[in-house]
Amino acid sequence: QVQLVESGGGLVQPGGSLRLSCAAAGSAFSGNAMAWYRQAPGKQRELIAIIIPGGSTNYAESVKDRFTISRNNAKNTAYLQMNSLKPEDTAVYYCNAKTNWGSPLYVMDYWGKGTLVTVSS
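Residues numbered from 1 in each chain as written. Predicted model: local features only at pLDDT ≥ 70, side-chain atom pairs only at ≥ 80, totals over all residues. Heavy atoms only, no water.

1. Quick look at the nonpolar core
Step number 1: By size, the foremost hydrophobic cluster in this structure holds 30 residues, and its most contacted members are Leu4, Met34, Trp36, Leu80, Met82 and Tyr93.
Step number 2: Taken together, the elements giving at least two residues each to this core come down to β3 (18-25), β4 (33-39), β5 (46-51), β7 (67-72), β8 (77-82), β9 (91-99) and β11 (115-119).
Step number 3: With near-sequence residues (within four places) excluded, Met82 lies in contact with Gly16, Ser17, Leu18, Leu20, Arg66, Phe67, Tyr93 and Val117.
Step number 4: In terms of nonpolar packing, the next biggest core, distinct from the first, is built from 5 residues, Ala33, Ala35, Tyr37 and Ile50 among them. (Core = buried A, V, L, I, M, F, W, Y, C linked by side-chain atoms within 4.5 Å. Buried < 20%, exposed > 50% of the residue type's maximum accessible area, 1.4 Å probe, protein only. Helix = DSSP H or I, 4+ residues; strand = E, 2+ residues; numbered from the N terminus. Contact = heavy atoms within 4.5 Å.)

2. Side note on the environment of Val107
Step number 1: Locating Val107 in the fold gives a position in the loop between β9 and β10 (108-111).
Step number 2: Here the alpha-carbon distance between Val107 and Ile52, two residues 55 residues apart in the chain, equals 12 Å.
Step number 3: The residues touching Val107, leaving out its near neighbours within four places in the chain, are Lys98, Thr99, Asn100 and Trp101.

3. Describing the pairing of β8
Step number 1: Along β8, 5 of the 6 residues are buried, which leaves the element largely enclosed by surrounding structure.
Step number 2: Two elements, β3 and β8, share 6 bridges in a ladder whose sense is antiparallel. Across the sheet, Leu20 pairs through a bridge with Leu80, a residue of β8.
Step number 3: Relative to β8, β7 runs antiparallel, the two sharing 6 bridges. Note that in β8 the partner of Phe67 across the bridge is Met82.
Step number 4: In sequence, β7 turns back onto β8 through a hairpin of 4 residues, with Asn76 there showing a positive phi of about 50°. (Pairing = 2+ DSSP bridges.)

By themselves, these figures tell us nothing about what the structure is for.
Structure representation (structure tokens):
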């Protein structure tokens, strides 16, 4: 079992920045891939950023060059730095942990409850 708690959401003006945090407990954090998803009203949840245990990252085209995912294994925490925010970034942002990343047959997904990010003037 993995428990994930997101923080850092809120209201921000267009062009502003926010940093989301995801505190993890209950598993070997350094062996997990960590990801951020978001779900806008009326839309499906989408993967926007992922960081694997070795540190490699990948981003959705919609956030590339604006968002940065990172992790601190000593603190069991993942982050999402969001810059140049746009109204279309408004969504609930979810932290996701993919355990057993090195064993594809055994990967399991765990989710936080989400944090709301609203980009509006």
